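So the chains spell out like this:
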Amino acid sequence: MAQHRVLSGFHLSLGYTLVYLSLIVLIPLSAVFIKTFSLSFAEFWEIISSPRMIASYKLTFGASLGAALINAVFGLIFAWVLVRYEFFGKKLVDALVDLPFALPTAVAGIALTAIYSGNGWLGQYLEPLGIKVAFTPLGVLVALVFIGLPFVVRTVQPVLQDLETELEEAAASLGANRWQTFRYVVLPILTPALLTGFALAFARAVGEYGSVIFIAGNIPMVSEITPLMIITKLEQYDYAGATSIAVVMLVISFILLLAINVLQAWTTRRGSR
């Protein structure tokens, strides 16, 4: 008996998928590479390897990785609290986790700058201690942590909700302490989701512009992010230069995300065994 399908057949669905993917993703990315190929290799290398660009790469990818790691740790804690505990205002806290999704990035950047600047609510107490946040690389890290947290929480939360507490009780009955139960029972199950959240937070942080541009201060060789360098090239009508920087970001991001996905697949297979 033929299986009934609500959607159309495989070939038609695949055709729609490929056309949509081409229009939205493949053609725009191809245009970036085609525009870059209008430069000679010497011109391309001169643009992407200048000291100012190298400094922006280090800040962008370093801060993105750092923010994703921070969010992986604290996002797991947030998800654990929201799933495993009942407390007053839980629904409000759960809703606030999604605030970076709904808040315009420019508003987030202005708010963070107002809070962490020298005369801000927190900055006026941090700067006397020698901790300067606004207009420094630390400010970039704070902004990227802010926008990336929901990705980890919302990825880990449903997996944690489906995790049976009987597994933890069985481990405890066999003599495992809390750390051993978490390390050998809970964490292996959560690791694929945690890596997915980490990858999403990292990908969002690499391309973030609006929430970072205000708090970064955009000091050359200190707090300039790579997306700002692309915007600067576009404002100078140097489209080939802008696409050259975009190609570098695209390649590095693809390699890092590929490595994360390979690690995620390995942990999934290991957990299934």
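Remember, it's a predicted structure, so these values are computed and weren't measured experimentally.

**With respect to the overall build of the chain**
A tally of helices and strands in the chain yields 13 helices and zero strands. Secondary structure of the chain in N-to-C order comes out as α-α-α-α-α-α-α-α-α-α-α-α-α. Each of the three principal axes of the chain carries a C-alpha extent, and together these read 70 × 65 × 30 Å. With 273 residues in all, the chain has 37% of them scored as buried. Of the contacts made within the chain by residues no fewer than 6 positions apart, 74% connect residues no fewer than 24 positions apart.

**Some points on the pattern of salt bridges**
Applying the stated criterion across every chain, the model contains eight salt bridges. As a salt-bridge pair, Lys90 and Glu86 come within 3.1 Å of each other at their nearest N and O atoms. According to the relative accessible area criterion, Glu86 is exposed, its value standing at 71%. One salt-bridge network, held together by shared partners, links Asp94, Asp98 and Arg154.

**Points about a nonpolar patch on the surface**
On the surface, Phe10, Leu14, Leu18, Val19, Tyr20, Leu21, Leu23, Ile24, Val25, Leu26, Ile27 and Leu29 cluster together to form a nonpolar patch covering roughly 1100 Å² of accessible area. Locating Leu29 in the fold gives a position in helix H1 (residues 10-36).

**Thoughts on the packing of aromatic side chains**
With the rule as written, the count across this model stands at seven aromatic pairs. Here the aromatic rings of Phe41 and Phe44 are separated by 6.5 Å at their centres, their planes lie at 45°, and the arrangement is tilted. Here Phe41 and its partner Phe44 are both found in helix H2 (residues 41-48), three residues apart, which amounts to about one turn of the helix. Exposure remark for Phe44: the relative accessible area of 16% places this residue in the buried category. Aromatic pair Tyr237 and Tyr239: ring centres 6.4 Å apart, planes at 80°, arrangement edge-to-face. What makes Tyr237 exposed here is its relative accessible area of 65%. The ring centre of Tyr184 lies 5.0 Å from the NZ or CZ of Arg183, which sits over that ring.

Cut-offs and rules
Residues numbered from 1 in each chain as written. Predicted model: local features only at pLDDT ≥ 70, side-chain atom pairs only at ≥ 80, totals over all residues. Heavy atoms only, no water. Helix = DSSP H or I, 4+ residues; strand = E, 2+ residues; numbered from the N terminus. Buried < 20%, exposed > 50% of the residue type's maximum accessible area, 1.4 Å probe, protein only. Contact = heavy atoms within 4.5 Å. Salt bridge = Lys/Arg side-chain N within 4 Å of Asp/Glu carboxyl O. Patch = residues over 30% accessible without salt bridge, like charges linked within 9 Å, V, L, I, M, F, W, Y side chains within 5 Å. Areas by Shrake-Rupley, 256 points an atom, 1.4 Å probe, with all protein chains shown as cover. Phe/Tyr/Trp six-rings, centres within 6.5 Å; stacked < 30°, edge-to-face > 60°. Lys NZ or Arg CZ within 6 Å of the ring centre and 35° of its normal.

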